[in-house]
Number of protein chains: 2
Amino acid sequence: MQTIQEYIAQHKQRFIDELIDLLKIPSVSADPAYNQDVLNTADAVKASLEKAGCDKVEICETPGYPIVYGEKIIDPALPTVLVYGHYDVQPADPIDLWDAPPFDPVIKKTDIHPEGAIFARGACDDKGQMYMHVKALEYMTQNGQLPCNVKFMIEGEEEVGSESLAWFVPKNKEKLANDVILISDTGMIANDIPSITTGLRGLSYVEVEVTGPNRDLHSGLYGGAVANPINVLTKMISSLHDENNHITIPGFYDKVEELSKEERAEMAKAPFSLEAYKNALDIDDVYGEAGYSTNERNSIRPTLDVNGIWGGYTGEGAKTVIASKAYAKISMRLVPNQEWEEITELFKKHFESIAPAGVRVKVTPHHGGQGYVTPIDNIGYQAASKAYQETFGVTPIPQRSGGSIPIVSLFEQELKSKTILMGFGLNSDAIHSPNEHFGVWNYLKGIETIPFFYRYFSELSEKA
Amino acid sequence: MQTIQEYIAQHKQRFIDELIDLLKIPSVSADPAYNQDVLNTADAVKASLEKAGCDKVEICETPGYPIVYGEKIIDPALPTVLVYGHYDVQPADPIDLWDAPPFDPVIKKTDIHPEGAIFARGACDDKGQMYMHVKALEYMTQNGQLPCNVKFMIEGEEEVGSESLAWFVPKNKEKLANDVILISDTGMIANDIPSITTGLRGLSYVEVEVTGPNRDLHSGLYGGAVANPINVLTKMISSLHDENNHITIPGFYDKVEELSKEERAEMAKAPFSLEAYKNALDIDDVYGEAGYSTNERNSIRPTLDVNGIWGGYTGEGAKTVIASKAYAKISMRLVPNQEWEEITELFKKHFESIAPAGVRVKVTPHHGGQGYVTPIDNIGYQAASKAYQETFGVTPIPQRSGGSIPIVSLFEQELKSKTILMGFGLNSDAIHSPNEHFGVWNYLKGIETIPFFYRYFSELSEKA
């Protein structure tokens, strides 16, 4: 029997090659053009789980993209770990900002990743982090190191709202029964400062459409005399924040969890350099809600951001037109206790109410999800913490993330179990951006750490 | 010798067919993809002028698209009419809103055009109206009815700012010497209410770019903590109008010509139905600067409109991204006495000054032009008025237009002559919009009216 370190040393290149093959399939769930690629990725994941030692693997059909389910039950009396991940990826555009094609992975060294990083859409979010669990399982089964039962549930719609998962989970509570849910779809502070995400923000994502005149108009003949949908849209959007960057939607903050001075002081201890942060983004200053630090603004506070806006003539040169319609995609990050459906309703009601005469407004909810918090006295968290101590040599810092994994609160509600977020990515990995990448060191360190989680979780479960 | 009415009755179908051939060439000057089509259109215009009876026609090279020049000098002692028009057209997008392909002309009847209208990009603006002059010349030369000299100057960059024309005119004052400039690139109130445009608005067209972080960011990890260029752009744009829809750029109104009560009362006499206006556009209310009527807002008052805006993810579905950049195309319609270069500078200075920390702003001027007014006691105006009385049976109404033909003020400055704007289009012709069209009746009525202008202008010039 080999140690995980020995096993990685021996199979390192194959682990990297297998991930690269997976990254070559453009599984963009948001764009119907990639439909077949998304389906092919599900098949590839199924095959990888079978190879890794699952007894039973199946492609579960859903109203949308299938969910890949796999399991290895060694003894029903033992605890069960449910691994969740997703095989779909964000759209790659703007393509022209990538240094290399997004679905033709290359390994390049960077300052933060001296051992090289794999550059490709989905490298970190989430194919790379999901695949760490497949390879960790391979090690445990090959070396008789699997101390408990394991189930995998890998979905294909995380980047578009996990609707089919929300349909699938309630129907399969038996199949999915578990003692803890393990997810690697978040990040850590730095390679020498491991952290475990204990909180996630919720999300409400909407699309708005402002319609003015029934056709595009000549801006000379009609300019100044009719409501210009683009001008109106900018006025409506800008009114959603006040001068302190508080969100102006009535009732928006009613249920926001306010952290105590102590909790905020605890957060403030996480190492953070505002200068390094600004330099990394090439901005002269940060920006956000008055009265909160940068790390608070992007974790414990709700936000409203326009993710896309379009209308009128956007081609080369000049066109003197007043567009008939203008559009925006707007998302709100929510904190624990904010109900995403309720916030979506509040937004819709408010946005429609501020439309001036002369335009019609349509608000279309895209998707959303609840925020989430894991208590650090939970044995799942304890097991993860010990696993990191084993492989990083330091105790990981519990950290609130600004991101959202809407299904985590769904799991708690439907499966009655807590989720442990062991993320091995870094903020600088550019997930959702051009040149997304995942450090080779991080990938292998994840594979190394995961088996220890299984060991300590099993031990702590016995004691419990 | 035939009367113009007889000549039209005989050649009507050919006149329509020739225009349709011209409309089939997609001469979109704003889009380099159509470069060859624009050049081919210049050649087609040259051929048509030769056929119509010009003695000398040439393609004059410029730094941009060529200017087609043609002339027929019957006696240097006689007055000379300079006809200006343009052979380029606006971009056709949004293509999908056209009922028929924009460059595959069709004739369809409409309520306003019971005798049919030609649907195609450029049908009215300006190929159709320009070609009326070519056919009127053909009649006059074929029937010995040309009472004076005529020159044609047809350019290919009117829709993108006429830069090459501004370069060409000062270099060719001799060649272009004239007693009056005749342009059909405007509209009239209705087929039974002819009007002549006596005023035009100026234009300043700029493109703005707001840059935040140096790459697209995950809105969960950075949302609320960095300036979102799209949110910032909407705030900046919306601040350009106050609650009364006055433009907030310092100095913007300093030189605006304020009309007297009497002039405004005179304007108010032009027949106008607010209900019909709203119904035609399918809007529940009009919108604009407080204290002014709809017809004042779109003619004697300056305006600021966003003509296009884009940034972030605009594809299908949802992408939770904070874009690195956001863009907008913004145009300002100016009134007589406002200097367009000065207004462009004021905009640039102001827009840059309101950029918040955390973003960088770039303002790129596209093009512009001065406003213009023609006094109605001018003999050119008088000749046009008599020509309309001859063919419409009523006296045309002098009217200020909200549109801009920047080069008109250039002509006055460089060639020292006044411009007469004999427009035969209607506001409902959807110029710059999908389904642009030009009434067959209007096209033929223009051809019928123009020769009378030549006759009366020559007569009035003798007397003068």
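1. A short note on the side chain of His 437 of chain A
All names here are of chain A.
Then, in step 1: By secondary structure assignment, the location of His 437 is in strand β18 (residues 437-439).
Then, in step 2: Of the polar contacts made by the side chain of His 437, one reaches the backbone oxygen of Ser 428; its length is 3.4 Å.
Then, in step 3: A polar contact of 2.9 Å, which involves the side chain of His 437, links it to the backbone oxygen of Asn 435.

2. With respect to the packing of aromatic side chains
Then, in step 1: Tallying each qualifying case throughout the model produces 30 aromatic pairs over all chains.
Then, in step 2: With a centroid separation of 5.9 Å and an interplanar angle of 35°, the aromatic rings of Tyr 222 of chain A and Tyr 277 of chain B are classed as tilted. With one member in each of two chains, Tyr 222 of chain A in helix α6 (residues 219-222) and Tyr 277 of chain B in helix α9 (residues 274-281) form a pair that bridges those chains.
Then, in step 3: Judged by relative accessible area, Tyr 222 of chain A falls into the buried class, the value being 7%.
Then, in step 4: The buried category is assigned to Tyr 277 of chain B, whose relative accessible area is 12%.
Then, in step 5: Grouping aromatic residues by their ring pairs yields a cluster made of Tyr 388, Phe 392, Phe 424 and Trp 441 of chain A.
Then, in step 6: The ring of Tyr 69 of chain A is capped by Lys 175 of chain A, whose NZ or CZ atom sits 4.6 Å from the centre of that ring.

3. Some points on the interface of chain A and chain B
Then, in step 1: At the junction of the two partners, chain A supplies 91 residues and chain B supplies 91 residues.
Then, in step 2: Carbon and sulfur atoms make up 52% of the area that chain A and chain B hide from each other, which totals about 7,700 Å².
Then, in step 3: Arg 360 of chain B is paired through a salt bridge with Asp 282 of chain A; the nearest N and O atoms lie 4.0 Å apart.
Then, in step 4: Per element, the largest residue contribution to the side of chain A that touches chain B is ten residues, and it comes from strand β11 (residues 303-312) of chain A.
Then, in step 5: Examined bridge by bridge, β11 of chain A and strand β11 (residues 303-312) of chain B share five bridges and lie antiparallel to one another. Looking at β11 of chain B, one finds that Ile 309 of chain A is bridged to Gly 311 of chain B.

4. Focus: the packing of helix α3 (residues 127-142) of chain B against helix α14 (residues 440-463) of chain B
All names here are of chain B.
Then, in step 1: Two elements in contact, α3 and α14, have axes separated by 8 Å at closest approach and are oriented at 55°. Judged by the inter-axis angle, α3 sits oblique to α14. Every pair of crossing elements has a handedness; the one defined by α3 and α14 is right-handed. Taking contact as the criterion, the partners of Gly 128, Tyr 131, Met 132, His 133, Lys 135, Ala 136, Tyr 139 and Met 140 in α3 are, on α14, Asn 442, Tyr 443, Gly 446, Ile 447, Ile 450, Pro 451 and Tyr 454.
Then, in step 2: Its residues placed into classes, the contact of α3 with α14 shows ten nonpolar, four polar and one charged.

Rules behind the numbers
- Residues numbered from 1 in each chain as written.
- Chains lettered and ligands numbered in written order.
- Predicted model: local features only at pLDDT ≥ 70, side-chain atom pairs only at ≥ 80, totals over all residues.
- Heavy atoms only, no water.
- Helix = DSSP H or I, 4+ residues; strand = E, 2+ residues; numbered from the N terminus.
- Polar contact = N/O pair within 3.5 Å; in protein donor to acceptor, adjacent residues only side chain to side chain.
- Phe/Tyr/Trp six-rings, centres within 6.5 Å; stacked < 30°, edge-to-face > 60°.
- Buried < 20%, exposed > 50% of the residue type's maximum accessible area, 1.4 Å probe, protein only.
- Lys NZ or Arg CZ within 6 Å of the ring centre and 35° of its normal.
- Contact = heavy atoms within 4.5 Å.
- Buried area = accessible area lost by both parts, 1.4 Å probe.
- Salt bridge = Lys/Arg side-chain N within 4 Å of Asp/Glu carboxyl O.
- Pairing = 2+ DSSP bridges.
- Axes fitted to C-alpha atoms, helices over the stretch in contact; angles between N-to-C directions.
- Parallel < 35°, antiparallel > 145°, perpendicular 65-115°, else oblique.
- Left-handed = near helix turned anticlockwise from the far one by under 90°.
- Nonpolar A, V, L, I, M, F, W, Y, C, P; charged D, E, K, R; others polar.

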